[in-house]
Amino acid sequence: MVSNNSQTAKTVLDVKLEGQQLFSPNSLSTSAAGTVNGNQTPLGGLSGVVYDVANNVYYSLSDARSDSNGLARFYTFTANLTGISTPQVTFTNATPLKDINGHFFSSNSLNPEGFALTENATVFISSEGEVNINAGSVIYPFIKEFNLSTGKELRSLLIPQKFLPVVDDTDKSGAINTGDTQISGVRDNLAFESLTITPDQHTLYTGVENALIQDGQIATLDTGSRSRILQYNLVTGQTEKEYLYITEPVAEPPKPATPFALNGLVDLLAIDNRGTLLALERSFSAGVSGTGYTIKLYEVSLQGATDISNLNSIPVKISAIQPAHKRLLLNLNQNNLNILIDNIEGLAFGPTLPDGRQSIVLVSDDNFGALGPRPTQILTLSAEVNPIGVTITQTEDSTNVTEGGATDSYTVVLTSQPTDNVTININPGTQTTTNPNQLIFTTQNWNVAQNITVAAVNDALVEGNHSNTIQHTAISNDANYNGIAISSVNVGISEVNPIGATITQTEDSTNVTEGGATDSYTVVLTSQPTDNVTININPGTQTTTNPNQLIFTTQNWNVAQNITVAAVNDALVEGNHSNTIQHTAISNDANYNGIAISSVNVGITDNDIPLAKNADNDIFTIKSNNDKARLQVTVTGQNSSLVNELGFFIVDDAQGRIGGIAPGASAYTQAALNRAKVIFSVIANLPNGFNSTNLTQQLELNSGDSLRFYLVRNNSTDAVNAQTTPTTDVLFSDPTTLKITDFGTEGFSLAWQDTATNTNNFQNLVVKIESTNQPLPLGVNLQTQQQGELIDLRGVTELVKADFVVNREAAFNNFVGFYQVVNENGGIDTNGDSQPDILPGEAGYTQAAVRGRIAGIELTVNNQGTATYIGSLTPGSIFAPFIIVDGRPDAVLDTNFSNDPEVYFPFLGANTDKVDHLRLLGSNIFGFEDLVNGGDRDFNDVIVQVNLSKNIV
């Protein structure tokens, strides 16, 4: 590889085909290099190659699919390039690939093509997968990292959803077959052929050989194909950007016209860390003379290309998209070495040659004889790899001039030889002049530094010491130099008689307190004006100043004047914040009129409390510096045999009245329930692996809201509203049910007594409430609503990763899944018009929900066990959980209705017993009860915790 850990752009010039070495079909079958897992395996299918500079060896990936051509593997070989036209290549080893569990990959489970080496003794390998509809086979592509020594898989990079093949069940057979249609994703055998890592090891690039189904057509004789280059950040393991790469058309018409022909991107090689790559394109036309292959090498620049990662499909018109820039370096079929070019699929930088040129090694894929016996081909190339740029050198690293006085200078020189003249135009700005204003570098003087002299514009303005920026623009017929970024030069300009105002703060800062301490600063002019100078003071919205105006005369201009600053004592909870005081000068002295005067930044200590309690009762008031305020509720203790639900409701005043109804009145409970918001329930009997302590829920309220808390004893708000449990089970605060402890700035403790015992220790449920600035977790927007045990991803625009943790304390072997609803009432859209077609409680609702469950999210767990799952949820939707009691989806969806297990939902109307079977135990934590009519109401039969995260693709 080329060592380069800087951000310098590089370019490849003068690429030459030097020579080759051929290996006959089935070679190495009797040597150690051909032994894989004790079996003699032929050399073949070379689809990628990398160079290990530390050990001076090469590794080459075979595209064998663990099938009749042998296990998936890569080879080790050496090459002596002393005589580059006749490289001495020796294969020394073959390493089989193993999956994450250390097993050999099963037959046809992968299609390895791309190959990239890291500095950590690992390799990344891309698999094209398979989309063989006629054979009923769809295998997702992948990019995985493997141990270089053992061949064992270490990790996988996430493939964006748009690249994964999707097949429409066109004939509605329920299986993939010839009657179906692929509607999106990579095409069969036209996926991730390429793979490369930048020299700084931070970025990995791969590209699809031809366009995704939804992006356009494959390459033809008339047009290229709209491929995508995909960029990963190897530090985070996440995708960063995607770029449009347009391949060339097919090179030659096949003979006769109907046989197979293609052209595509088969490999990439990073030249630098700034998105400059070598791209290898392979064209094949059946029936033409020779091998039928045409191989071309391009230099590609991603600088300035449009990031299209937000486009699931590329529009027909791409005028708004800037594709990657391509420059042809070499057509391998047009060479003077009389070498027959075969199916070249991989390229790598080799060592630097004795003459200073860079070696490049290419390998061919013999297709294991599928197109007839062909040798394996190792080609050697050489090239110049040069940095692209302009070096600017300033005297003592700075440029400083004086109006009417001293000048300064700096030099400019190119970093590499251009292929044509490079003209650098100099824009000196408005405050300086340069001599000359244009430099011309030729192919002969490119390395000779040229001097630029800088002088200040000696104008009549009194500006004080100021600065100016000199900018540079490059124009050239050499595409590598045309329009490149060139550093600007900042020039410091000295003014002989500075005009201005000096502000002096107490101990270099100004700090005040709302309703408390004030502070002050002084202002004085730096020179005598010719007329009065009035300085108006704008105190901003958070402070006041006294006075708000200062007047300096020709006599008192050098006498400092004092300004006292106080904080505006508002009712907003802002925390310690700041404010800027600005100054404006007005004068008949043109030198002072409108001059720039420094502002004063004021630190303000807030005196407002974000969460407060009325001293006379249990009414809490929450405030923030925004329209919305957030409250976090955390379980800190629980000692009860009951499953209690905690909730809150908004009251109208400090006495807790609701619509004029006072606490204790006969209609108060129902009025509170009409406004009730659910926080969570706390279960008593915990399954192994589930800890109810420190479970949290975040609530969003209006700033200034007053609220009370309530407890539903051993039941839920849903059950009370459904009239399946009496309102007497709703407990409000009184000395027998709630003890409140004030933690000061840390919030409050609410300790409940559920009256299940007479100990009055107030430890049945203990929570901490506190104001928070943390954003609401993903998905919880509806969870304070009644029957709101849902995941709400409306407003989310990115694919959401879901990590599930499942616990169980139940005899039944239950199944939990999620299905999409169109609104918070649970309606299901069955015809794709985004409108509810079937509602909870209507015939067929259960089957529609189970049939529409999210694929891949099938949650089960052994009794007293813990299981984890990973899935993904589409943005912009609402998802509802359901539980199948001691059964599986096929029992619900078969035609035998007599054996249907019970299925329970968050919506009581959808449950056959109309009873609550689902409780919220915290943010995105759901507890299920699997027994009919609520059973033992312990809601621990299955517990599902969901951790949602965005920014995955």
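Note that the coordinates shown come from a computational prediction; the quantities given were computed from them, not determined experimentally.

### Overview of the overall build of the protein
Link 1 in the chain: Looking only at helices and strands, the protein features four helices and 64 strands.
Link 2 in the chain: Referenced to the eigenvectors of the C-alpha coordinate spread, the extents of the protein come out at roughly 105 × 100 × 45 Å.
Link 3 in the chain: Sequence-distant contacts in the protein: of pairs separated by 6 or more residues, those separated by 24 or more amount to 65%.
Link 4 in the chain: Total accessible area on the protein is roughly 40100 Å²; 46% of this is exposed by carbon and sulfur atoms.
Link 5 in the chain: Between the centroid of the 44 positive side chains of the protein and the centroid of its 94 negative side chains there is a distance of 5 Å.

### Considerations on the sheet that holds strand 25 (residues 358-364)
Link 1 in the chain: What the four strands build is an open sheet, ordered 1-26-25-24; its pairing is antiparallel. Each edge of the open sheet is held by one strand with a lone partner, namely strand 1 (9-23) and strand 24 (344-352). The average angle at which neighbouring strand axes cross in this sheet is 25°, direction not considered.
Link 2 in the chain: Note that strand 25 and strand 26 (residues 376-388) share six bridges and pair antiparallel. Note on strand 26: the bridge partner recorded for leucine 362 is leucine 379.

### Here's the deal with the environment of threonine 874
Link 1 in the chain: Structurally, threonine 874 can be placed in the loop between strand 59 (866-873) and strand 60 (878-884).
Link 2 in the chain: Classification of threonine 874 as partly exposed rests on a relative accessible area of 41%.
Link 3 in the chain: Each C-alpha atom, one on threonine 874 and one on alanine 566, is 52 Å from the other, the two residues being 308 residues apart in sequence.
Link 4 in the chain: Every residue in contact with threonine 874, bar those within four places of it in the chain, is listed here: Leu793, Leu799, Gln820 and Phe879.

### Here's the deal with the sheet that holds strand 32 (residues 438-441)
Link 1 in the chain: Spatially, the five strands line up as an open sheet ordered 28-35-34-30-32, and their pairing is mixed. Of all strands in the sheet, those bounded by a partner on one side alone are strand 28 (399-402) and strand 32. Put simply, the sheet's adjacent strands are angled 25° from each other on average, direction ignored.
Link 2 in the chain: Pairing of strand 34 (residues 466-476) with strand 35 (residues 489-494), which is carried by five bridges, proceeds in the antiparallel orientation. Residue pairing in the sheet places threonine 469 in a bridge with asparagine 490 of strand 35.

### Comments concerning unusual backbone geometry
Link 1 in the chain: Here the amide bond leading from lysine 255 into proline 256 is cis, since omega sits at -10°, within 30 degrees of zero.
Link 2 in the chain: Here proline 256 lies in the loop between strand 19 (238-246) and strand 20 (261-270).
Link 3 in the chain: With an omega of 0°, the peptide bond between asparagine 546 and proline 547 qualifies as cis.
Link 4 in the chain: With respect to the helices and strands, the residue proline 547 is situated in the loop between strand 40 (543-546) and strand 41 (549-552).
Link 5 in the chain: You will see that aspartate 508, though not glycine, has its phi angle at about 65°, which is positive.
Link 6 in the chain: In this structure, aspartate 508 sits in the loop between strand 36 (501-505) and strand 37 (510-513).
Link 7 in the chain: Residue class for aspartate 508 comes out exposed when judged on its relative accessible area of 72%.

### Notes on the side chain of asparagine 924
Link 1 in the chain: Of note, asparagine 924 is situated in the loop between strand 62 (918-922) and strand 63 (925-928).
Link 2 in the chain: Using a relative accessible area of 3% as the deciding quantity, one classes asparagine 924 as buried.
Link 3 in the chain: Only 2.7 Å separates the side chain of asparagine 924 from the side chain of glutamine 783, close enough to count as a polar contact.

### Side note on the layout of surface pockets
Link 1 in the chain: Quantified by volume, the largest pocket comes out at close to 1300 Å³.
Link 2 in the chain: Looking at the largest pocket, it is lined by 30 residues, and the ones nearest its centre are Gln161, Leu799, Ser872, Thr874 and Pro875.
Link 3 in the chain: Looking at the lining of the largest pocket, the element that brings in the most residues is strand 59, giving four residues.
Link 4 in the chain: Taken together, the residues of the lining of the largest pocket break down into 13 nonpolar, 13 polar and four charged.

### Looking at the packing of aromatic side chains
For any pair of aromatic rings, geometry is given as the distance between the ring centres together with the angle between the planes.
Link 1 in the chain: The final tally for this structure, using the stated rule, is 26 aromatic pairs.
Link 2 in the chain: Among the aromatic residues, those joined into a cluster by ring pairs are Phe23, Tyr51, Tyr58, Tyr75, Phe77 and Phe91.

### Observations concerning empty space enclosed by the protein
Link 1 in the chain: Considering all chains together, one arrives at three cavities of 30 Å³ or more under this definition.
Link 2 in the chain: There is about 40 Å³ of room inside the second largest cavity.
Link 3 in the chain: Lining the second largest cavity are Glu645, Val678, Asp718, Gln783, Gln785, Gln786, Gln787, Gly788, Glu789 and Leu920.
Link 4 in the chain: When the residues that make up the lining of the second largest cavity are grouped by side-chain class, the tally is two nonpolar, five polar and three charged.

### Re helix 1 (residues 668-675)
One turn of the α-helix equals 3.6 residues, which is why residues spaced by three or four share an orientation.
Link 1 in the chain: Residues Tyr668, Thr669, Ala671, Ala672 and Leu673 constitute the buried set of helix 1.
Link 2 in the chain: Those residues of helix 1 hidden inside the fold are in contact with strand 48 (644-651), strand 51 (706-712), helix 2 (717-721) and strand 52 (730-731).

### Looking at the nonpolar core
One broad rule of soluble globular proteins: the nonpolar side chains tend to lie buried together.
Link 1 in the chain: Ranked by size, the top nonpolar core spans 33 residues in total, and within it Leu631, Val633, Leu646, Phe709, Trp752, Val767 and Ile769 carry the most contacts.
Link 2 in the chain: Of all the secondary-structure elements, those providing two or more residues to this core are strand 46 (620-622), strand 47 (628-638), strand 48, strand 49 (677-682), strand 50 (696-702), strand 51, strand 54 (748-752) and strand 55 (765-772).
Link 3 in the chain: Take this core: its biggest share by element is four residues, from strand 47.
Link 4 in the chain: Discounting residues that sit within four places of it in the chain, valine 767 has contacts with Val633, Thr634, Val635, Thr636, Leu646, Phe680, Phe748, Ser749 and Leu750.
Link 5 in the chain: Ranked by size, the runner-up nonpolar core spans 28 residues in total, among them Val800, Leu873, Leu918 and Val946.

### Quick notes on the pattern of salt bridges
Link 1 in the chain: Applying the stated criterion across every chain, the model contains 24 salt bridges.
Link 2 in the chain: Between glutamate 130 and arginine 65 there is a salt bridge, and its shortest N-O distance comes to 3.2 Å. Here arginine 65 lies in the loop between strand 5 (57-62) and strand 6 (73-80) and glutamate 130 lies in strand 10 (residues 130-132), a separation of 65 residues in the sequence.
Link 3 in the chain: With a relative accessible area of 13%, glutamate 130 lands in the buried category.
Link 4 in the chain: The residue arginine 630 makes a salt bridge to glutamate 700 at a minimum N-O spacing of 3.2 Å. Taken together, the positions of arginine 630 in strand 47 and glutamate 700 in strand 50 put the pair 70 residues apart, joining distant regions of the chain.
Link 5 in the chain: Salt bridges here are not isolated pairs; linked through shared partners, they connect Lys162, Asp215, Arg228 and Glu242.

Basis of the calculations
Residues numbered from 1 in each chain as written. Predicted model: local features only at pLDDT ≥ 70, side-chain atom pairs only at ≥ 80, totals over all residues. Heavy atoms only, no water. Helix = DSSP H or I, 4+ residues; strand = E, 2+ residues; numbered from the N terminus. Contact = heavy atoms within 4.5 Å. Areas by Shrake-Rupley, 256 points an atom, 1.4 Å probe, with all protein chains shown as cover. Lys, Arg positive; Asp, Glu negative; His and termini not counted. Charge placed at Lys NZ, Arg CZ, Asp CG, Glu CD. Pairing = 2+ DSSP bridges. Axes fitted to C-alpha atoms, helices over the stretch in contact; angles between N-to-C directions. Buried < 20%, exposed > 50% of the residue type's maximum accessible area, 1.4 Å probe, protein only. Polar contact = N/O pair within 3.5 Å; in protein donor to acceptor, adjacent residues only side chain to side chain. 1 Å grid on protein atoms, 1.4 Å probe; cavity = no way out; pocket = protein on both sides within 12 Å on 5 of 7 lines; lining within 4 Å. Points joined across faces, edges and corners; volume = space filled by probe spheres on them. Nonpolar A, V, L, I, M, F, W, Y, C, P; charged D, E, K, R; others polar. Phe/Tyr/Trp six-rings, centres within 6.5 Å; stacked < 30°, edge-to-face > 60°. Core = buried A, V, L, I, M, F, W, Y, C linked by side-chain atoms within 4.5 Å. Salt bridge = Lys/Arg side-chain N within 4 Å of Asp/Glu carboxyl O.

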